[in-house]
Amino acid sequence: MAIALAGVVMTGAGAAEARPLRVMALDQCADQYALALSPDADLALSPRADDPDAWLRTAAAGRRRMRPTLEAAIAFRPDVVVRYWGGEPRLLARLEATGVRVVTIEDATDFDGIRANIRAVAAALGVPGRGEALAARMDATLPRTAAPGAEPPQRSALYLTAGGFTAGKGTLVDAILKAAGYTNAAAGPFFAPVSVERIALFPPTRFVLGFFDQARGDWRGPGRHPVVRRAASGRVAARLPAAALTCPAWFAADAAAMLKAGA
């Protein structure tokens with residue numbers, strides 16, 4: 001009997017070691033990192049994993065969805081939890097107390113910050129090589145900078161969302177504009193509202209529109225005002241999809257490439 005029990009224990013241990021890594025993503029941004037870096041893991045994605053503004057929504061099809069609650073985490077028993085903003089304090093405290101590895105995607109404001117995010121999540125998932133490959137893909141997607149000694153293009157653009165917000169210095173949008181060869185027309189730092197009146201009186205040379213593909217999002221926002229539409233007519237450098245802007249991730253390089261191509 002002792003030998004038989006030992007065999008059962010050994011068989012159970014072997015099965016536990018052989019099972020796929022269990023990864024729980026607590027929000028839509030975390031979904032993108034989990035799908036890109038560990039698609040072969042046993043994934044529990046957030047309820048928004050296949051929303052229209054998710055970059056890897058097609059890859060999320062058919063995957064398990066789970067609300068980011070303590071009860072769901074207890075039932076799933078994840079090995080690693082990935083998060084950007086998701087997860088209530090009670091859940092995070094319980095996860096850390098029970099030894100679950102929690103990796104947080106930082107709010108990067110440039111491409112160096114995104115590289116750090118990729119490497120941090122890849123290390124937590126045990127796939128550093130995939131992280132380096134994803135970072136290299138991002139770098140290859142970024143528009144090429146001007147040759148040394150060449151004059152940079154003197155063009156500026158105002159980023160504008162359907163909700164009437166812009167993004168100045170200290171934001172990832174600013175880094176996207178620079179990567180595409182633009183100077184940022186936003187006067188202040190960070191995110192700020194732009195009034196319809198100001199756009200009417202001082203229309204920017206070019207507009208870069210973000211989140212306008214979300215038909216039901218801010219459908220009555222200042223960015224969709226008829227005055228703004230008239231001011232932007234013939235001046236739109238690019239319309240960046242929401243999926244490229246919702247997360248500090250490698251596809252920010254795709255947004256820069258779209259803007260460069262649109263120019």
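The structure under discussion appears in the preceding block.
To keep things clear, this report deals only with the structure shown in the data block. Each chain carries its own residue numbering, running from 1 in the direction its sequence is written. Only residues with pLDDT of at least 70 get local features here, since the model is predicted, and only at 80 or more are side-chain atom pairs given and counted; chain-wide, interface and lining totals rely on the full set of residues. Side-chain figures throughout are based on the complete set of non-hydrogen atoms in the structure, without hydrogens or water.

With respect to the layout of surface pockets
Each cavity reported here is a set of points on a 1 Å grid over the protein atoms alone in which a 1.4 Å probe fits but cannot get out, each pocket an open set with protein on both sides within 12 Å along at least five of seven lines, and each lining residue one with an atom within 4 Å of a point. Grid points are joined across faces, edges and corners, and a volume is the space filled by probe spheres set on the points. The calculated volume of the largest pocket comes to roughly 460 Å³. Tyr159, Val173, Phe191, Phe211 and Leu245 are, among the 25 residues lining the largest pocket, the residues nearest its centre. Mapped by element, the contributors of at least two residues to the lining of the largest pocket are strand E5 (156–161) and helix H7 (172–179). When residues of the lining of the largest pocket are assigned to their parent elements, the largest contribution, 3 residues, is made by H7. For the lining of the largest pocket, the per-class residue count stands at 15 nonpolar, 8 polar and 2 charged. Put simply, the second largest pocket is a space of about 270 Å³. Strands are runs of DSSP state E lasting at least two residues, helices are runs of H or I lasting at least four, and both sets are numbered from the N terminus onward. Throughout this entry, Asp, Glu, Lys and Arg are counted as charged residues, while Ala, Val, Leu, Ile, Met, Phe, Trp, Tyr, Cys and Pro are counted as nonpolar. The remaining residues, Gly among them, count as polar.

Quick look at the packing of aromatic side chains
The description of an aromatic ring pair rests on the distance of the ring centres and on the angle between the ring planes. Here a Phe, Tyr or Trp ring, Trp counted by its six-membered ring, pairs with any other such ring whose centre lies within 6.5 Å, and the pair is stacked when the planes are under 30 degrees apart, edge-to-face when over 60, and tilted otherwise. As enumerated under the stated definition, the model contains 3 aromatic pairs in all. The interplanar angle of 85° and the centroid separation of 5.3 Å between the aromatic rings of tyrosine 33 and tryptophan 250 together place this pair among those described as edge-to-face. A residue pair is termed long-range when its members are at least 10 positions apart, and tyrosine 33 in helix H2 (residues 28–37) and tryptophan 250 in the loop between strand E10 (236–240) and helix H10 (252–262) qualify at 217 residues. Side by side, tyrosine 33 and tryptophan 250 carry an identical accessibility label, which is buried. Consider the rings of tryptophan 250 and phenylalanine 251, whose centres lie 5.0 Å apart with planes at 75°: the pair is edge-to-face. Taken individually, tryptophan 250 and phenylalanine 251 each receive the classification buried, so the pair is uniform in this respect. What links up through ring pairs into an aromatic cluster is the set Tyr33, Trp55, Trp250 and Phe251. When the ring centre of tyrosine 182 is taken as reference, the NZ or CZ atom of arginine 155 above it lies at 4.5 Å. Here's how the labels work: a residue is buried when its accessible area is under 20% of the maximum for its type, exposed when over 50%, partly exposed in between, all with a 1.4 Å probe on protein chains only. Sitting over a ring, as applied to charges here, requires NZ of Lys or CZ of Arg to be within 6 Å of the ring centre and within 35 degrees of the ring normal.

Details of the sheet that holds strand E1 (residues 22–25)
Pairing between two strands requires that DSSP report at least two bridges joining them. The parallel open sheet is built from 4 strands, whose spatial order is E2-E1-E3-E4. The open sheet is flanked by strand E2 (42–44) and strand E4 (101–104), the only strands paired with a single partner. Shown here is a sheet whose adjacent strand axes are inclined to one another by a mean of 20°, direction ignored. Here 3 bridges tie E1 to strand E3 (residues 80–83), and the two strands are oriented parallel to one another. Paired with valine 23 across the strands is valine 80, a residue of E3. To get an axis, fit a line to the C-alpha atoms, keeping to the stretch in contact for a helix; angles then go from 0 to 180 degrees between the N-to-C directions.

Section: the pattern of salt bridges
One side-chain nitrogen of Lys or Arg within 4 Å of one carboxyl oxygen of Asp or Glu is enough to make a salt bridge. For the structure shown, the criterion picks out 13 salt bridges. Measuring nitrogen to oxygen at the nearest pair gives 2.7 Å for the salt bridge that ties aspartate 42 to arginine 64. Highlighted residues: aspartate 42 in strand E2 and arginine 64 in the loop between E2 and helix H3 (70–76), separated in sequence by 22 residues. The exposure class assigned to aspartate 42 is partly exposed, which follows from its relative accessible area of 23%. Taking the relative accessible area as the measure of exposure, arginine 64 reaches 36% and is therefore partly exposed. When salt bridges that share partners are traced, they join Arg22, Asp42 and Arg64 into one network.

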